[in-house]
Amino acid sequence: MNRLVIASAFYRRDGAFAGFWDGFAGATVDMMPPELKAAYLKTDPDPERLLVMFNRDVERMIAFTDWTDEEMASIKAKTLVFSADHDVNTTEHAVRMSKVIRNADLVIVPGTHGSYLGDSMLGDGVNGSRMAEITVALVKEFLDK
């Protein structure tokens, strides 16, 4: 069973919200959310390796180049494009991706990047929200088809 879940993603630079790319050139590890730093350092306590990972991630984002519609259309696996309506990728881009990938389903839920996964670090979650539970149910249903 070949299944693919694409969550909160874009394949073209113009698929991200306005201003998304602006901050990467001047990004420093000091700008990294403290919760993410702590989580990394919990698994690898070496701050030098944290810096290496951070710099590689920033370089990867700066160097990101668009994928073509043809490249995306070459995906053969049944695909679920999953996004929030106020995510890092635009809703329009999620819709486009679901149309370009020939065998794709689309789910757009209310929320922001990661909130539908239960990411409390963003501070936009609602206490008692069942959004993460709903997300898991939708993804499981897709994977079990």
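Residues numbered from 1 in each chain as written. Predicted model: local features only at pLDDT ≥ 70, side-chain atom pairs only at ≥ 80, totals over all residues. Heavy atoms only, no water.

(A) Spatial organisation of helix H5 (residues 131-144). The terminal C-alpha atoms of H5 lie 20 Å apart, and with 14 residues this matches the ideal 20 Å at 1.5 Å per residue to within 8%. Along H5, the residues classified as buried are Met 131, Thr 135, Val 139 and Phe 142. Taken down its axis, H5 places every buried residue within 65 degrees of arc, on the same side. Relative to its buried face, H5 has exposed residues pointing more than 90 degrees away, namely Val 136, Glu 141 and Asp 144. Where H5 is buried, its residues touch strand S1 (3-7), strand S2 (78-86) and strand S3 (104-112). (Helix = DSSP H or I, 4+ residues; strand = E, 2+ residues; numbered from the N terminus. Expected span 1.5 Å × (residues − 1). Buried < 20%, exposed > 50% of the residue type's maximum accessible area, 1.4 Å probe, protein only. Arc of directions from axis to C-beta. Contact = heavy atoms within 4.5 Å.)

(B) Expanded view of the packing of aromatic side chains. By the definition in use, this model includes nine aromatic pairs. Between Phe 10 and Trp 21, the aromatic rings sit 5.4 Å apart at their centres with planes inclined by 75 degrees, giving edge-to-face as the arrangement. With Phe 10 in the loop between S1 and helix H1 (34-43) and Trp 21 in the loop between S1 and H1, this residue pair connects regions lying 11 residues apart in the sequence. Taking the relative accessible area as the measure of exposure, Phe 10 reaches 13% and is therefore buried. (Phe/Tyr/Trp six-rings, centres within 6.5 Å; stacked < 30°, edge-to-face > 60°.)

(C) Highlighting the environment of Trp 67. Here Trp 67 shows up in the loop between helix H2 (47-62) and helix H3 (69-73). Using a relative accessible area of 46% as the deciding quantity, one classes Trp 67 as partly exposed. When the C-alpha atoms of Trp 67 and Tyr 11 are compared, they prove to be 5.5 Å apart, with 56 residues separating the residues in sequence. Dropping the residues within four chain positions of it, Trp 67 is found in contact with Tyr 11, Arg 12 and Met 72.

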